[in-house]
Structures are given as C-alpha cells and as structure tokens.
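Remarks on the overall topology
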Amino acid sequence: MNSTGNTPQYIRHVYKLTNELKSYSVYQFDEVTNGSLLLTEILRIEKFQGKSCTTRVDDYLRLRTDPKSWSRSQLITGLRPTTIDNLFSGDCKPIGKNSTVKTLLMFLFSKDRKTLTIDVYRGFYPNHNGILQNIISTYKTN
C-alpha cells in the first residue's frame, strides 16, 4: 500500500515474531520506512483481558516501555478487526509535545503471523467511518 494524495501519510514499522505463547506474542523491530521509529524496539500483542470498556477487541498492543516488566509497560490500543483478513485498526493518544489529535494505527499481520506491519498515521485520526473505510480499502493482502 502506498499513500496517495487522498490518503494521509504514515510511517511504516515492520516487526518479526520472536516468541509466541498462548496469551501473547512478542515482536522485535525490523525496519521503518517513511520516517523514524515512533514505537518501541520490542512490543507484544496480547489477549484482551477486559480491563477497559472497549468493545470488538480480542487482542491488545503493549509497548515495551519498562525494560524490567511487561506488566508495567504501556498498553496502547485494542486491535479492531476490519473487512480485510489480518488487518486491524487502533488508535493511540497524541504522539508529540504539541499534538492534540489521536493517531490512527493500522496493523497488518502476515498470514502466518510471523511478520507484523504497523502503519502509524501520526497526528491523524478519521473523524467519520467513511474515511477509515477508504484507508482500509487501500490495503491489499497477498
């Protein structure tokens, strides 16, 4: 997927699976394109445990923000399924000192879930579902 004039710019982060258990999967940063690393070198996709009021979420993104403890590391967003297999959407609080806008995150897993691509639409969050659906439609799965 490439950003077009109608689609906001994103920074693509690619992660590789390093450890997988029943309740979570750990991914290690591999590469970034269209910018610099905005997430952590290591992250975890874990089963949602119902500790917030979010809906339609089975998995959650946790960034490794505490080097000694996953439980003290930051939970960022739930992964909401889309109409495309292995593609999920989420959001996070503003990134950057002067930003007040939530940031859209798009998660694309390879079919074997060994590669995770996260597109960070920094400072952009769609204000209605039609815009999100247009972004989702730009993703092609192999």
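These remarks concern the structure in this document. (Residues numbered from 1 in each chain as written. Predicted model: local features only at pLDDT ≥ 70, side-chain atom pairs only at ≥ 80, totals over all residues. Heavy atoms only, no water.)

**Quick notes on the overall build of the protein chain**
Regarding its fold elements, the protein chain presents one helix and eight strands. Seen in sequence order, the protein chain has helices and strands lined up from the N terminus as β-β-β-β-β-β-β-β-α. Among the 142 residues that make up the protein chain, the fraction classed as buried is 41%. For the protein chain, the proportion of contacts with a sequence separation of at least 24, taken over those separated by at least 6, is 37%. A total accessible area of about 8,400 Å² is found for the protein chain, and carbon and sulfur atoms account for 47% of it. (Helix = DSSP H or I, 4+ residues; strand = E, 2+ residues; numbered from the N terminus. Buried < 20%, exposed > 50% of the residue type's maximum accessible area, 1.4 Å probe, protein only. Contact = heavy atoms within 4.5 Å. Areas by Shrake-Rupley, 256 points an atom, 1.4 Å probe, with all protein chains shown as cover.)

**Structural notes on the environment of Asp59**
Secondary-structure assignment places Asp59 in strand β4 (residues 59-63). Note on Asp59: relative accessible area 11%, which makes it buried. Here the alpha-carbon distance between Asp59 and Glu46, two residues 13 residues apart in the chain, equals 5.4 Å. Residues contacting Asp59, with those up to four places away along its chain left out, are Ile45, Glu46, Lys47, Phe48, Gly78, Leu79 and Arg113. One polar contact links Asp59 to Lys47, side chain to side chain, over a distance of 3.4 Å. (Polar contact = N/O pair within 3.5 Å; in protein donor to acceptor, adjacent residues only side chain to side chain.)

**Some thoughts on the pattern of salt bridges**
Evaluated as defined, the whole model comprises seven salt bridges. In this structure, Asp59 and Lys47 form a salt bridge, with 3.4 Å as the shortest nitrogen-oxygen distance. Note that Asp59 is positioned in strand β4 and Lys47 in strand β3 (residues 42-47), a separation of 12 residues in sequence. For Arg113, the salt bridge identified is with Asp59, shortest N-O distance 3.9 Å. Of the two residues, Arg113 sits in the loop between β7 (103-109) and β8 (115-121) while Asp59 sits in strand β4, which places them 54 residues apart along the sequence. Judged by relative accessible area, Arg113 falls into the partly exposed class, the value being 27%. By sharing partners, the salt bridges in this structure join Arg44, Glu46 and Arg62 into a single network. (Salt bridge = Lys/Arg side-chain N within 4 Å of Asp/Glu carboxyl O.)

**Description of the pairing of strand β2 (residues 24-33)**
In terms of strand pairing, strand β1 (residues 11-20) meets β2 through eight bridges, oriented antiparallel. The residue bridging Glu20 from the neighbouring strand is Ser25, located in β2. Once β1 ends, the chain turns through three residues before running back antiparallel as β2. Both β2 and β3 contribute to a ladder of five bridges, which runs antiparallel. Bridging from a neighbouring strand, Gln28 pairs with Ile42 of β3. (Pairing = 2+ DSSP bridges.)

**Description of the layout of surface pockets**
Of the pockets and cavities examined, the largest pocket occupies roughly 300 Å³. Forming the boundary of the largest pocket are 13 residues, of which Gln74, Leu75, Ile76, Cys92 and Lys93 lie nearest the centre. Within the residue set of the lining of the largest pocket, elements represented by two or more residues are β4, β5 (75-81) and β6 (87-92). Of the residues that constitute the lining of the largest pocket, the class distribution is nine nonpolar, one polar and three charged. (1 Å grid on protein atoms, 1.4 Å probe; cavity = no way out; pocket = protein on both sides within 12 Å on 5 of 7 lines; lining within 4 Å. Points joined across faces, edges and corners; volume = space filled by probe spheres on them. Nonpolar A, V, L, I, M, F, W, Y, C, P; charged D, E, K, R; others polar.)

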